[in-house]
Amino acid sequence: MSGCIMETICSRGRGLRLAKQHDIEQVAGNGLLDRRLFLLRSSGLVSAVGAATGLAATSARAEPLTVAEWTKTPGSWFTPYGMPSHFEAKVARGAIPASPYGGFGPGSVRAPLQFLDGMITPNGLHFERSHNGVPDIDPEQHKLLIHGLVRQPLTFTREALLRYPMTSRISFVECAGNSGALYGANAAEGTAQSLHGLLSCAEWTGVPLSTLLDDAGIDPAAKWLVAEGADAASMSRSIPLAKAMDDAMVALFQNGEAVRPSNGYPMRLLVPGWQGNMNVKWLHRIKLVREPVMAKDETSRYSLLLKGGKAAMFKFQMDAKSVITKPSPGIGMRGPGLYEISGLAWSGNGKIAKVEVSADGGKSWAPAALSEPVLSKALTRFRIPWRWNGGPAVLQSRAIDDTGYVQPTREQQIAARGSRAQYHCNLITSWQVAESGEVKHVYA
Ligand SMILES: Nc1nc2c(c(=O)[nH]1)N[C@H]1C(S)=C(S)[C@@H](COP(=O)(O)O)O[C@H]1N2
Ligand SMILES: [Mo]
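Engineer: Could you clarify how one ought to interpret the site of ligand 1 in this entry?
Structural biologist: Inspection of the region around ligand 1 gives 20 residues, with Phe127, His131, Asp231, Arg268 and Lys281 positioned closest. The side chain of His126 places a nitrogen or oxygen atom 3.2 Å from an oxygen atom of ligand 1. The separation between an oxygen atom of ligand 1 and a polar main-chain atom of His131 is 2.7 Å. The dominant element in the shell around ligand 1, judged by the number of residues it contributes, is strand 4 (residues 128–130), at three residues. Tallied by class, residues from the shell around ligand 1 come to six nonpolar, nine polar and five charged.

The following block contains the structure:
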C-alpha cells in the first residue's frame, strides 16, 4: 500500500512540487500518516491519495446521475419542530431500559458519540443522568432563591433572569462516573457510547452566576455555596465560591433553544469543566455558606476512592481525556486503505494542547490535527490519517491539556488509584482492529 501511494504521488508533478516529501510519510508505527495530509487539498495531493487508495473510488468514476424517485414527486410539507431523517434512527441515546419504578426514578442514557462528528451534541442526543426522574416544571411558577451569607436574599423567576445580559460558552458536561467500567479487571464489551457516552457538549447561554451573587451582595465570610435542584432527588452540591465567581453560569439556553427538560429546564447551573453532578439541573436554591455541607452527593457518591480505603476529600475538575470515535466498536473498517481516525478530547483544566494517536498499542505516537475551534473546557475534535494495511492494530489516543497534564495509561491510573475509584476514570482507551475490520474494546 505504501509504495502505491508514493508512486501515484510521485507520478504527479504538481502534487509533488507543492507537497514536501515528509507530508505523506508514515509518522508513527503501523501506518499513521502526517496530520496535514488531508489539509493539502490545494496541492492536488489529496486527490492523488484518493485515487491511489480507493478513497475516491465512488466519486472518481463519475457516471450520469439517474433521476431518483424523490426527484419526480413534490416533497412533504413543513413540520413545526424539525426531526432528523428517519434513516438516522440508529443515532439515538440507546435502547431505553424499562424503569424499575414504573416510569420514574434514577437512571441515565448516553450520547451516541460514535455516530456524531464535530464538537457539539445535538440537544435531543445530550446524555441524561437524573437521580429521580425529570420534573415537569412550569417556568411561571419556578423560582431561584439566593440566600445565606448575602446582604439581601433574592429570588429570580426565569422572566427576571431573561432581563439580565446573557453570555454564551461552549462547554462539555461529563458525569464523574463516565468510563467507570474501564477500572474493571476485564475489558468491558461496549461502544464509545456505552463506555464513554455520559459526555456531551453544548453552547450554553445564560447569566453569569457572579452577576447574581454580586446583586445579592456576598458576605466576606462566605467561601462556598450550596446549589440545590427542584427535582425529587433534591440534588445538592457544595461549590467553592471562587469557582462560582470565575466561570459558573445559570444557563437558560442550550444550543440556542431553552434548556431541555431532561437537562434542567427552566434553568441549570453550569460549572464548566467540573464533575457533571455539580451542574445542578432544575436549579432553585443557592445558599452561601462558610464550609461545604457534605451533602450525600459529595460524600457517599461522586467522591474519589483511593487505595487503602482513603478517599480524596474533593476532586472536582475532570482531567484531560480522549476517545477515538471513528473507527470504534460498531464503526469498523471496510478493507485496507486510507482512513481518517477521528475522536474527541477534552479537559476540565483548560484547553486541549495536543492529542497523540497510536496504531500499535502505544509503542509509537503521532500528533493529530485539532479541528477549530479549540476551546477551554469544551470537546475538541481531533483527526489523523491512517493507512490501514489490513493487519491487526490497536488504536489509542492520548490527550494533553494546556496545563501539561497527560492522559494516563490504564496501568498508571490503576497504580495511582487502585481499581475501586469508580469515578474520574480518564485512562487511555484501546480499540483493537481485527483483520476482519471489526473493532473491539481491549486492554492493551
Ligand atoms: N437536580 C439535579 N441535578 C443534576 C442531577 C440530578 O439528578 N438532579 N444529575 C447530575 C448528574 S449526576 C450529572 S452527570 C449531570 C447530567 O447532566 P445532563 O443530564 O444534562 O446530561 O447533571 C447533574 N445535575
Ligand atoms: Mo453524574
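Engineer: Please clarify how the packing of aromatic side chains should be interpreted in this entry.
Structural biologist: Geometrically, a pair of aromatic rings is defined through the distance of the ring centres and the angle of the planes. All told, the structure shown has nine aromatic pairs when counted by the stated rule. Between Tyr339 and Trp388, the aromatic rings sit 6.5 Å apart at their centres with planes inclined by 70°, giving edge-to-face as the arrangement. Here the residue Tyr339 occupies a position in strand 16 (residues 337–346), and Trp388 occupies one in strand 20 (residues 380–388), the gap between them amounting to 49 residues. Among the residues examined, Tyr339 registers a relative accessible area of 16% and is labelled buried. Here the basic side chain of Arg398 rests over the ring of Trp365, its NZ or CZ set 4.0 Å away from the ring centre.

Engineer: Whenever I open this one, unusual backbone geometry confuses me. Can you help?
Structural biologist: With the exception of glycine, the majority of residues adopt a negative phi angle, and the majority of peptide bonds are in the trans configuration. Of the consecutive residues Lys326 and Pro327, the connecting peptide bond is found in the cis state with omega at 0°. Note that the residue after Glu372, namely Pro373, is joined by a cis bond; omega there is -5°.

Engineer: Looking at this model, I keep getting lost on the environment of Asn349. Mind explaining?
Structural biologist: Within the element layout of this structure, Asn349 appears in the loop between strand 16 and strand 17 (352–358). For Asn349, a relative accessible area of 27% puts it in the partly exposed group. Counting along the chain gives 30 residues from Asn349 to Asp319, while the straight-line C-alpha distance between them is 6.4 Å. Excluding anything up to four places from it in sequence, Asn349 contacts Gln317, Met318, Asp319, Ala320, Asp401, Asp402, Thr403 and Tyr405. Here Asp401 takes part through its side chain, which lies 3.1 Å from a polar atom of the side chain of Asn349.

Engineer: Would you mind showing me how to read the nonpolar core here?
Structural biologist: Most often, soluble globular proteins keep nonpolar side chains buried together rather than apart. Judged by nonpolar contacts, the single largest core of 58 residues is most densely connected at Leu32 and Trp386. The residue makeup of this core includes at least three contributed by each of domain 1 (21–54 + 304–444) and domain 2 (129–174 + 200–302). With sequence-adjacent residues up to four places away left out, Leu32 is seen in contact with Glu25, Gln26, Val27, Ile341, Val357, Ser358, Ala359, Ala366, Ile384, Pro385 and Trp386. Formed by 36 residues, the second largest nonpolar core is a distinct cluster that contains Leu209, Leu212, Ala216 and Leu241.

Engineer: Got a minute to help me understand the sheet that holds strand 6 (residues 154–156) in this structure?
Structural biologist: The strands that make up a sheet pair up through hydrogen bonds in the backbone, lying either parallel or antiparallel. On the basis of which strands lie adjacent, the open sheet formed by five strands has the order 6-5-14-9-10 and mixed pairing. Each end of this open sheet is capped by a strand with a single partner; those strands are strand 6 and strand 10 (236–240). The sheet shows a mean angle of 20° between the axes of neighbouring strands, taken without regard to direction. Where strand 5 (residues 144–148) lies against strand 14 (residues 283–289), four bridges are found, and the strand directions are parallel. The residue bridging Ile146 from the neighbouring strand is Ile286, located in strand 14.

Engineer: I keep staring at the environment of Met333 and nothing clicks. Help me out?
Structural biologist: Mapped onto the elements of the fold, Met333 is located in the loop between strand 15 (321–326) and strand 16. Given the relative accessible area of 6%, Met333 is considered buried. Taking the C-alpha atoms as reference points, Met333 and Val439, 106 residues apart in sequence, are found 7.8 Å from one another. With residues up to four places along the chain from it excluded, the contact list for Met333 reads Pro327, Tyr339, Trp386, Trp388, Val433, Ser436 and Gly437.

Conventions adopted
- Residues numbered from 1 in each chain as written.
- Chains lettered and ligands numbered in written order.
- Predicted model: local features only at pLDDT ≥ 70, side-chain atom pairs only at ≥ 80, totals over all residues.
- Heavy atoms only, no water.
- Near = heavy atom within 4 Å.
- Polar contact = N/O pair within 3.5 Å; in protein donor to acceptor, adjacent residues only side chain to side chain.
- Helix = DSSP H or I, 4+ residues; strand = E, 2+ residues; numbered from the N terminus.
- Nonpolar A, V, L, I, M, F, W, Y, C, P; charged D, E, K, R; others polar.
- Phe/Tyr/Trp six-rings, centres within 6.5 Å; stacked < 30°, edge-to-face > 60°.
- Buried < 20%, exposed > 50% of the residue type's maximum accessible area, 1.4 Å probe, protein only.
- Lys NZ or Arg CZ within 6 Å of the ring centre and 35° of its normal.
- Contact = heavy atoms within 4.5 Å.
- Core = buried A, V, L, I, M, F, W, Y, C linked by side-chain atoms within 4.5 Å.
- Domains from an automatic or database assignment.
- Pairing = 2+ DSSP bridges.
- Axes fitted to C-alpha atoms, helices over the stretch in contact; angles between N-to-C directions.

Such coordinate-based values are descriptive only and should not be taken to indicate function.
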